[in-house]
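Now for the letters of each chain:
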Amino acid sequence: MLKTTPAATPVQSPESVPHPEGVSNDEFRAAMSRLAAGVVLVTAHDPDDGPRGEDVGMTATAFMSVSLDPPLVLVSVRNGSRMDDLLAEQPLWAASLLSENQRQVAGRFAMKGRISDRLLFEDIPFERGKESGAPLVTGAVATLECRTEQRVEAGDHTLVIGRVLATDLPDMDSGPLTHFRGRYRHLR
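Residues numbered from 1 in each chain as written. Predicted model: local features only at pLDDT ≥ 70, side-chain atom pairs only at ≥ 80, totals over all residues. Heavy atoms only, no water.

What to know about the side chain of T148
- By the secondary structure assignment, T148 is in strand 9 (residues 142–154).
- Note on T148: relative accessible area 17%, which makes it buried.
- A polar contact is formed between the side chain of T148 and the side chain of W93, at a distance of 3.0 Å.
- Apart from the residues lying within four places of it in its own chain, the contact partners of T148 are P91, W93, V160, I161 and G162. (Helix = DSSP H or I, 4+ residues; strand = E, 2+ residues; numbered from the N terminus. Buried < 20%, exposed > 50% of the residue type's maximum accessible area, 1.4 Å probe, protein only. Polar contact = N/O pair within 3.5 Å; in protein donor to acceptor, adjacent residues only side chain to side chain. Contact = heavy atoms within 4.5 Å.)

Rendered as structure tokens:
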């Protein structure tokens, strides 16, 4: 009698297993990577962290205009992240729309398991926003200062809708930094 061994079934990572309703995380990520997006550094100041407080930043590509009247924008932040926790307590924040020359800034604040935000801001030139107190990165194509109007939980992220309190549009020749197919790119 021949002995047969059961065929090994390939082990699938959780990323490649389809959700009950449809596509897997990998499939969804691959499809959405083909949507070009602007790159934004979202910042806020935590006045309760240390004697002088601490600045917090995160790179975002899920950032958009929501309304003209009133002026509203939306940013998506990962649930439980440092920025999510801070924006749940601190309603004032800012967004610096990064220029094509600021790829290193975007990469620095997008790192997983990164060092403290204090060290990340150490050699980045910025001004403190008059309305938000948050860092506004020098050299950005535009900056916006915001106050949270609404927070909406959506899956593993929170959508933070902010009223724009102030903007700055520096004179500059460089274009925006974009993100497409998993890489930072120039628009030109």
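A look at the side chain of T143
- Mapped onto the elements of the fold, T143 is located in strand 9.
- Non-local contacts of T143, meaning those with residues more than four positions away in its chain, are made with A95, S96, L136, V137, A166, T167 and D168.

Observations concerning helix 3 (residues 103–110)
- The complete set of buried residues in helix 3 reads V105, A106 and F109. For helix 3, the angular spread of buried residues about the axis comes to 100°, placing them on one side. (Arc of directions from axis to C-beta.)

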